[in-house]
Amino acid sequence: MGNQTTTVTSFVLLGLPFNLPVQMFLFLVFLSTYAATVIGNTVIMIVIRRDNHLHRPMYFLLSHLAFLDLCFSSVSVPKLLIILCASQTISYNGCFSQMCLLLLTGTTEAYILAAMAYDRYTAVCKPLLYAQIMNREFCRWLVSGSWTTGFVYAMVNTLPALRLVFCGPNIIRNFSCEFPALLALSCTETSPNILTLFITGSAVAGFSLLVILCSYINIIFTILKINSAEAKRKTFSTCSSHLIVVVLYYGSGCFRYMRSNAISSKLVDYFFSIQYSISTPMLNPIIYTLKTREVKEAIKNLTGYKPEIPHVM
């Protein structure tokens, strides 16, 4: 009997394993979340571009973070909405394109967060040299370097994966085409791909985390040397919003990719997938809006909001 293999031309994304009423409810929730993500990040970008007071390195990097959050969410959420209400099928090319874009945007965002941590380190620890170090050319270099790193990382992992053969099954137990899930479905040898993913992923994540940790260790030591409690509070408040975003991004990402393979962890897996790729991009603009006074004031100016001041008799 001859060997017969059927080449997979599409994949099935099972999404969230719930009944129809729950899926319709989740559709409305995720649609609202995605709308809030698009509106929130778009407002952040417009405000920073139009307000001259925000034409500074910190907000320049923040505008690129908002753009990345918008892109990162748009890669997976629209397809998730289609899964919940229409078709669970995604084409072979569509699946690999989604995987590549997830690697690109996820890695680029990690390095933008590292650049923002370095910006806060320079502002707190080297205030007299801040303008000289964080000049416009260097900020552009940081952003272009982040995108270049993300692009190289995505290509190094995606191009070799295109040579893999998929002959069934074609079911991905998630709502997006993530690289490890695709490798598990291949009927050819994937050890080189797994090794490449491990080496490049460790290097990329390790370096960005090292920059963030070193920056905040120096920031903490600098803050502890300040005598005034009020000065400590003000100094830390300039970093608090970024620190919250870093914890959300890396915390949910680590739980997502370092999870247990046990069946009992599937619901936890879904939860952190949602947190990592859907909730975090929506929460970032909210965090910066609530924690950063200048952004709040700029939004009020843009919308023409004027608080009512009662007359005192």
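This structure is a prediction, so every number in the text was calculated from the model and none was measured.

## Some words on a nonpolar patch on the surface
Here is step 1: On the surface, L213, I217, I220, F221 and L224 cluster together into a nonpolar patch covering about 530 Å² of accessible area.
Here is step 2: Along the polypeptide, I220 turns up in helix α7 (residues 191-224).
Here is step 3: Judged by its relative accessible area of 48%, I220 falls in the partly exposed class.

## Some remarks on the pattern of salt bridges
Here is step 1: Tallying each qualifying case throughout the model produces one salt bridge.
Here is step 2: Between D119 and R120 there is a salt bridge, and its shortest N-O distance comes to 2.9 Å. R120 shares its class with D119; the two are buried.

## Side note on the packing of helix α5 (residues 136-161) against α7
Here is step 1: As a packed pair, α5 and α7 sit with axes 10 Å apart at the nearest point and diverge in direction by 170 degrees. In terms of their interaxial angle, α5 and α7 are classed as roughly antiparallel. Packed against α5, whose contacting residues are T149, Y153, V156, N157, P160 and A161, the element α7 presents N193, T196, L197, T200, G201 and V204 at the interface.
Here is step 2: For the contact of α5 with α7, the residue count by class is six nonpolar, six polar and no charged.

## Here we look at the pairing of strand β1 (residues 10-13)
Here is step 1: Only one face of β1 is buried, namely the one carrying F11 and L13, since none of S10 and V12 on the opposite face is buried.
Here is step 2: As judged from the three bridges shared by β1 and strand β2 (residues 89-91), these two strands associate in the antiparallel manner. Residue pairing across strands places S10 opposite S91, the latter belonging to β2.
Here is step 3: Sheet topology note: the β1/strand β3 (residues 171-172) ladder contains two bridges and is parallel. From the neighbouring strand, L13 faces β3, where its bridge partner is I172.

The rules we used
- Residues numbered from 1 in each chain as written.
- Predicted model: local features only at pLDDT ≥ 70, side-chain atom pairs only at ≥ 80, totals over all residues.
- Heavy atoms only, no water.
- Patch = residues over 30% accessible without salt bridge, like charges linked within 9 Å, V, L, I, M, F, W, Y side chains within 5 Å.
- Areas by Shrake-Rupley, 256 points an atom, 1.4 Å probe, with all protein chains shown as cover.
- Salt bridge = Lys/Arg side-chain N within 4 Å of Asp/Glu carboxyl O.
- Helix = DSSP H or I, 4+ residues; strand = E, 2+ residues; numbered from the N terminus.
- Buried < 20%, exposed > 50% of the residue type's maximum accessible area, 1.4 Å probe, protein only.
- Axes fitted to C-alpha atoms, helices over the stretch in contact; angles between N-to-C directions.
- Parallel < 35°, antiparallel > 145°, perpendicular 65-115°, else oblique.
- Contact = heavy atoms within 4.5 Å.
- Nonpolar A, V, L, I, M, F, W, Y, C, P; charged D, E, K, R; others polar.
- Pairing = 2+ DSSP bridges.

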